[in-house]
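So you can see what is in the structure, the chains are spelled out below.
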Amino acid sequence: MILMLLLAVSLSHIISVSEVKSTKHHHNHHFDVLILTQHWPYTTCLDWEESGSRHKCREITHANWTVHGLWPTQWGKIAPSFCNNSWKFDHDLLKPIMSDMSLYWPDVEMRDQPDSLWTHEWTKHGTCAAQLPETNSEVAYFSKGCELAQENRITDWLEMAGVVPTNNASYTLENVWDAVLNGTGGIRPHIDCVKIDGQAFISEIKVCYSKNFIRVNCDGIKGVGGDMMGKCLRYDSFYYPSSADHEPHVSSSGMIGGIVCTVLALSAVGLAVGYMLFRRSRRRGRGYESL
């Protein structure tokens, strides 16, 4: 009887602990804002190829800022995500909008898995965005992302401000910030850079939306903030590359300076070698005399 009582108490304790653990692991799927994140394909490609010797990119025939993702987000957090792992990505559902997907939401990185970007974005973010009527299915989610990309023509906004892709010069955050701020109608974005092989490159520009899909300031999202916002604040300037084979331009004055330094260095080496040979001959003479 005592043994049965002990077993009952133990079983009750196990159930209670399981319930607590279940509660702790229950995800909070609510969100406050949606982040439309667009990325620059050449930076994406440079970053991808630098991260692995076998990483390759698809050919970029016409470079534009395109959608990385549409991310439901809680203020100050990187959440929610993976809201329904049983809701799998289905390529066939996107056939009616495939032309828009290829234009506004292409995948630059070549991976072993087909549709790797779209699969990831739907599984991690789309299943959470499905709480809203406008994004309540796979095709609705991706259609909305393409629609918002058309509303946020970042390539055009930057070009109108004189900010164009080039491997011959770098830009400051102020250059890009003012152009995007003008494009959004004064709604504050979030602009990110990434460091590749010791150099900073602009990588992503984020524009935030309310659940009613009205642009709102991105001030509350997790990241680096101040008068301007984003990881580009970490760098005095950064490149906006015009190709995936970025080689920084060296000015003629810099080239001349390099040549002069090289000549001086070689002259110094020559003098040092000559002096060593002279000292050696002197040592030989003294040595011979000493014998």
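None of the values given here were measured: they were computed from a predicted structure.

How each quantity is defined
Residues numbered from 1 in each chain as written. Predicted model: local features only at pLDDT ≥ 70, side-chain atom pairs only at ≥ 80, totals over all residues. Heavy atoms only, no water. Disulfide = S-S within 2.5 Å. Helix = DSSP H or I, 4+ residues; strand = E, 2+ residues; numbered from the N terminus. Buried < 20%, exposed > 50% of the residue type's maximum accessible area, 1.4 Å probe, protein only. 1 Å grid on protein atoms, 1.4 Å probe; cavity = no way out; pocket = protein on both sides within 12 Å on 5 of 7 lines; lining within 4 Å. Points joined across faces, edges and corners; volume = space filled by probe spheres on them. Nonpolar A, V, L, I, M, F, W, Y, C, P; charged D, E, K, R; others polar. Pairing = 2+ DSSP bridges. Core = buried A, V, L, I, M, F, W, Y, C linked by side-chain atoms within 4.5 Å. Contact = heavy atoms within 4.5 Å. Axes fitted to C-alpha atoms, helices over the stretch in contact; angles between N-to-C directions. Parallel < 35°, antiparallel > 145°, perpendicular 65-115°, else oblique. Phe/Tyr/Trp six-rings, centres within 6.5 Å; stacked < 30°, edge-to-face > 60°.

Re the state of the cysteines
- Counted by the stated rule, this structure contains four disulfides.
- Here Cys 193 is linked by a disulfide to Cys 232, with a sulfur-sulfur distance of 2.0 Å. For the disulfide bridge between Cys 193 and Cys 232, the dihedral angle about the S-S bond is near 95 degrees, and by the sign convention the bridge is right-handed. Of the two residues, Cys 193 is situated in strand β6 (residues 190-196) and Cys 232 in the loop between β8 (215-216) and β9 (238-240); the sequence distance between them amounts to 39 residues.
- Here Cys 232 falls in the buried class, since its relative accessible area comes to 0%.
- Here Cys 208 engages in a disulfide with Cys 218; their sulfurs sit 2.1 Å apart.

Topic: the layout of surface pockets
- A volume near 940 Å³ is recorded for the largest pocket.
- Those elements giving two or more residues to the lining of the largest pocket turn out to be β1 (33-39), α2 (41-50), β3 (66-73), α4 (116-129), β6 and β7 (199-209).
- Element by element, the count of residues in the lining of the largest pocket is highest for α4, at six residues.
- Within the lining of the largest pocket, the residues separate by chemical class into 14 nonpolar, 12 polar and 13 charged.
- Taken as a whole, the second largest pocket holds about 360 Å³ of empty space.
- Lining the second largest pocket are 21 residues, and of these Glu 59, Ser 102, Pro 106, Asp 107 and Val 108 sit closest to its centre.

Considering the pairing of β6
- Of all seven residues in β6, five are buried, a share of seventy percent or more.
- Strand direction decides the pairing type here: β6 and β7, joined by seven bridges, are antiparallel. Paired with Ile 191 across the bridge in β7 is Ile 205.
- The antiparallel hairpin formed by β6 and β7 contains two residues in its connecting segment, where Asp 197 sits at a positive phi of about 50 degrees.

A look at the nonpolar core
- With 35 residues, the main nonpolar core has Leu 158, Val 176, Ile 191, Ile 202 and Phe 238 as its most contacted residues.
- Elements supplying a minimum of two residues to this core: β1, α2, α6 (154-160), α7 (173-183), β6, β7 and β9.
- A total of five residues in this core trace back to one element, the largest contributor, which is α7.
- Setting aside chain neighbours within four positions, we find Ile 191 in contact with Leu 173, Val 176, Trp 177, Val 180, Ile 202, Glu 204, Ile 205, Met 229, Gly 230, Lys 231 and Cys 232.

Observations regarding the packing of α4 against helix α5 (residues 138-151)
- Put simply, α4 and α5 touch, their axes get as near as 10 Å, and they point 100 degrees apart. One element, α4, and the other, α5, form an angle in the roughly perpendicular class. Here α4 contributes Trp 118, Glu 121, Trp 122, His 125, Gly 126 and Ala 129 to the contact with α5, which in turn contributes Glu 138, Tyr 141 and Phe 142.
- Taken together, the residues of the contact of α4 with α5 sort by class into five nonpolar, two polar and two charged.

Points about the packing of aromatic side chains
- Following the criterion strictly, the structure yields 12 aromatic pairs and no others.
- With 5.9 Å between their ring centres and 75 degrees between their planes, Trp 40 and Tyr 42 make a pair best called edge-to-face.
- Since its relative accessible area comes to 1%, Trp 40 is described here as buried.
- A ring pair is formed by Trp 105 and Tyr 141, whose centres lie 5.8 Å apart and whose planes are at 55 degrees; its orientation type is tilted. In this pair, Trp 105 is assigned in the loop between α3 (98-104) and β4 (109-110) and Tyr 141 in helix α5, connecting sequence segments 36 residues apart.

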